[in-house]
Amino acid sequence: MLVHWIWLSTREHMNALQKYRALQAFSDPEDAYNAEEAAYRQVEGLPEKAVKSLLDKDLSKAQKILRQCVNKHISICTIHDALYPHRLKQIFDPPLVLYYKGYFPEMDSEVTIGTVGTRKASLYGLNTAHRLGYQIAACGGIVVSGVAKGIDAMAMKGALLAGGTVVGVLGGGVDVVYPRENRSLFEAAVQNGCLISEYPPGEPAHGWHFPIRNRIISGLSAGVLVVEAPEGSGSLITARDALKQDRDIFCVPGKVDDPGFAGSNALLHEGATLVRDGWDVMGQYEFRYPGKVHPMHSAITPECAEEEMPKVAQKPASPRNAGVFGKKSEKITVDNKTQPPYSDIEEILPKLSENQRSIVKLLTREKLVDEIIAETGLSAATVSTELTMLQLQGIITMLPGNRVARK
């Protein structure tokens with residue numbers, strides 16, 4: 001019964017490996033629940049606190065979690081279910097239960113790329129993550145990420161802009177939006193893929209959850225792409241997990257003296273595959289996943305995606321993804337330096353965040369991203385994020401040369 005799966009997966013003083021060993025010892029969570037103390041002491045590697053936790057037969061917490069899942073439309077996938085990814089099942093400490101919202105893709109038969117990086121990313125790192133996320137999705141890949149600030153969020157936004165599927169792996173319950181400013185990204189992920197967590201509904205995103213969460217990102221992935229990572233970055237934990245799990249490691253190079261790329265460059269020095277564009281990643285899987293991967297021109301970027309995507313896509317977007325961001329314009333004009341008055345601007349502005357309103361009001365003509373940063377006084381990372389959200393809403397368009405214009 002599901003309640004016994006939840007009971008075993010929420011035992012205190014037991015890590016994921018110990019819970020998995022308990023499941024292996026008893027084959028079924030209900031058998032584990034009904035076992036006696038002597039049987040628990042026969043399970044390899046269980047400390048005294050773990051044995052005592054297993055002796056707690058109170059199911060009320062598990063029953064409450066099950067009710068929350070029903071009320072909040074949260075699905076549950078156990079390690080014995082056919083839906084549970086085989087890739088993830090093969091790691092040495094797989095989660096017994098996955099809670100998810102959205103559509104759970106067939107990840108074993110798809111090219112899933114874990115795309116990670118620092119929360120405190122440079123503008124170069126943010127733009128690169130956005131571009132690579134877009135290109136990976138446009139080549140047929142699924143972007144798996146942690147939905148954190150910085151690199152993770154930008155890679156997912158790029159993939160969504162390409163009409164791709166995304167999988168967000170969370171460090172708290174799938175009903176807990178963290179960080180709060182990523183709420184719209186959480187909602188888009190549910191519509192175009194799923195949010196996954198081994199933590200039950202309502203569980204806060206504690207800091208110590210994230211290093212544990214990282215093994216799931218790499219475990220779901222055929223390969224892991226590190227976009228920007230300083231020394232000590234949590235992204236390097238994901239990369240180490242990926243190495244233990246025999247996954248491919250890809251890395252974006254940075255300046256040799258840039259501390260923000262110290263960890264990334266170290267991975268390259270140790271043998272990670274250098275990445276310049278999405279095809280450097282996806283091309284590795286062209287023959288391993290026949291029919292799943294298709295090339296696109298390396299020069300294609302999110303800035304020119306609306307104009308060029310119909311020429312490079314080899315299969316139409318699925319109906320589930322086709323209308324998420326509304327109808328796209330037929331052509332982007334790049335020669336007209338002054339934009340005509342936008343008749344609906346007064347109607348749209350109240351629906352935007354304060355930062356987004358500040359940006360849109362500035363765009364009486366085309367502007368460089370650097371001009372927007374200087375004139376709004378916002379950080380480069382904030383401007384990059386807000387421009388992406390405005391682009392997804394169809395309010396602005398990104399033009400070649402790092403320029404921005406109202407649609």
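If you're wondering where the values come from, they're calculated on a predicted model, not measured in any experiment.

Chemist: Is there a simple way to explain the overall build of the chain in this structure?
Modeler: On a plain count of helices and strands, the chain comes out with 20 helices and 12 strands. The burial tally for the chain puts 55% of its 407 residues in the buried class. Counting contacts in the chain only where the partners sit at least 6 residues apart, residues at least 24 apart contribute 71% of the total.

Chemist: Please explain the layout of surface pockets as it appears in this structure.
Modeler: By volume, the second largest pocket is sized at about 590 Å³. Counting residues per element, the ones that place at least two in the lining of the second largest pocket are α2 (16-26) and α11 (209-220). Looking at the lining of the second largest pocket residue by residue, the class counts come to 11 nonpolar, five polar and eight charged.

Chemist: Would you take a moment to explain the packing of helix α8 (residues 123-138) against helix α9 (residues 151-161) for this structure?
Modeler: Each pair of packed helices can be summarised by the angle the axes make with each other and by the distance between the axes. Where α8 meets α9, the closest approach of the two axes is 7 Å, and the angle between their N-to-C directions is 40°. Two packed elements cross with a definite hand, and for α8 against α9 that hand is right-handed. Note on element contacts: α9 touches α8 through Ile151, Met154, Ala155, Lys157, Gly158, Ala159 and Leu161, opposite Gly125, Leu126, Ala129, His130, Gly133, Tyr134 and Ala137. Among the residues making up the contact of α8 with α9, the classes are represented as nine nonpolar, four polar and one charged.

Chemist: Would you explain the environment of Leu225 in this entry?
Modeler: With respect to the element layout, Leu225 can be found in strand β7 (residues 223-226). Residue Leu225 is classed as buried on the basis of its relative accessible area of 0%. Each C-alpha atom, one on Leu225 and one on Ser264, is 10.0 Å from the other, the two residues being 39 residues apart in sequence. If we skip the residues at most four places from it in the chain, Leu225 touches Ile113, Gly114, Thr115, Val116, Leu132, Ile136, Phe250, Cys251, Val252, Val275 and Val281.

Chemist: Just to check I follow, could you spell out the pairing of strand β8 (residues 248-251) for this structure?
Modeler: Two faces make up the sheet, and in a regular strand the side chains alternate between them. Pairing of β7 with β8, which is carried by four bridges, proceeds in the parallel orientation. Of the residues in β8, the one forming a bridge with Val226 is Cys251. Regarding topology, helix α12 (residues 234-244) serves as the crossover connection from β7 to the parallel β8, and that connection is right-handed. Sheet topology places β8 next to strand β9 (residues 273-274); two bridges connect them, and they run parallel. Bridged to Cys251 within β9 is Leu274. Taking the sense of rotation as the criterion, the β-α-β connection linking β8, helix α13 (residues 262-269) and β9 turns out right-handed.

Chemist: Would you mind showing me how to read the confidence of the model for the chain here?
Modeler: Low-confidence regions, as indicated by low pLDDT, have predicted coordinates that should not be scrutinised in detail. For the chain, the mean per-residue pLDDT works out to 86, and 87% of the residues sit at or above 70. Overall, residues 303-343 carries pLDDT values under 50, and its contacts beyond four positions in sequence, including any with other chains, amount to 61 contacts.

Chemist: Would you explain α13 in this entry?
Modeler: For an α-helix, the turn length of 3.6 residues means that residues three or four places apart are oriented alike. Residues of α13 that are buried: Gly263, Ser264, Asn265, Leu267 and Leu268. Elements that come into contact with the buried residues of α13 comprise β7, α12, β8 and β9. Immediately downstream of α13, the backbone of Gly271 shows phi near 120°, a positive value.

Chemist: Sorry if this is basic, but what is going on with empty space enclosed by the protein here?
Modeler: By rolling a water-sized probe across the atoms, one finds the places where empty space is left. According to the stated counting rule, one finds one cavity of 30 Å³ or more in the structure shown. Of the pockets and cavities examined, the largest cavity occupies roughly 100 Å³. Lining of the largest cavity is provided by 16 residues; of these, Gly146, Gly171, Tyr178, Ala205 and Phe210 occupy positions nearest its centre.

Chemist: Just checking my understanding: could you explain the nonpolar core for this structure?
Modeler: The nonpolar side chains of a soluble globular protein tend to be buried, and buried together. Counting residues in hydrophobic clusters, the biggest one holds 103 residues, and the most contacted among them are Trp7, Val167, Ile196, Leu220, Leu225 and Tyr285. Apart from residues no more than four positions distant in its own chain, Tyr285 is found in contact with Val111, Ile113, Ala222, Gly223, Asp248, Phe250 and Val293. Leu352, Ile359, Ile396 and Met398 belong to the second largest nonpolar core, which has 18 residues in total.

Chemist: Explanation requested: the sheet that holds strand β3 (residues 112-116) in the structure shown.
Modeler: Backbone hydrogen bonds hold the strands of a sheet together, and the pairing may be parallel or antiparallel. Spatial strand order, β1-β2-β6-β5-β4-β3-β7-β8-β9: nine strands in an open sheet with mixed pairing. If you trace the sheet from one side to the other, it starts and ends with β1 (75-78) and β9, each paired once.

Chemist: Help me understand the sheet that holds strand β11 (residues 396-399), please; the structure alone is not making it clear to me.
Modeler: Read from one edge of the open sheet, three strands run β10-β12-β11, paired in antiparallel fashion. Sheet topology places β10 (367-368) and β11 at the edges, where each strand pairs with a single neighbour. When β10 meets strand β12 (residues 403-406), the two strands line up antiparallel, connected through two bridges. Opposite Leu368, over in β12, you have Arg403 as the bridge partner.

Parameters at a glance
Residues numbered from 1 in each chain as written. Predicted model: local features only at pLDDT ≥ 70, side-chain atom pairs only at ≥ 80, totals over all residues. Heavy atoms only, no water. Helix = DSSP H or I, 4+ residues; strand = E, 2+ residues; numbered from the N terminus. Buried < 20%, exposed > 50% of the residue type's maximum accessible area, 1.4 Å probe, protein only. Contact = heavy atoms within 4.5 Å. 1 Å grid on protein atoms, 1.4 Å probe; cavity = no way out; pocket = protein on both sides within 12 Å on 5 of 7 lines; lining within 4 Å. Points joined across faces, edges and corners; volume = space filled by probe spheres on them. Nonpolar A, V, L, I, M, F, W, Y, C, P; charged D, E, K, R; others polar. Axes fitted to C-alpha atoms, helices over the stretch in contact; angles between N-to-C directions. Left-handed = near helix turned anticlockwise from the far one by under 90°. Pairing = 2+ DSSP bridges. Right-handed = clockwise from strand over helix to strand, strands pointing away. pLDDT = per-residue confidence, 0-100. Core = buried A, V, L, I, M, F, W, Y, C linked by side-chain atoms within 4.5 Å.

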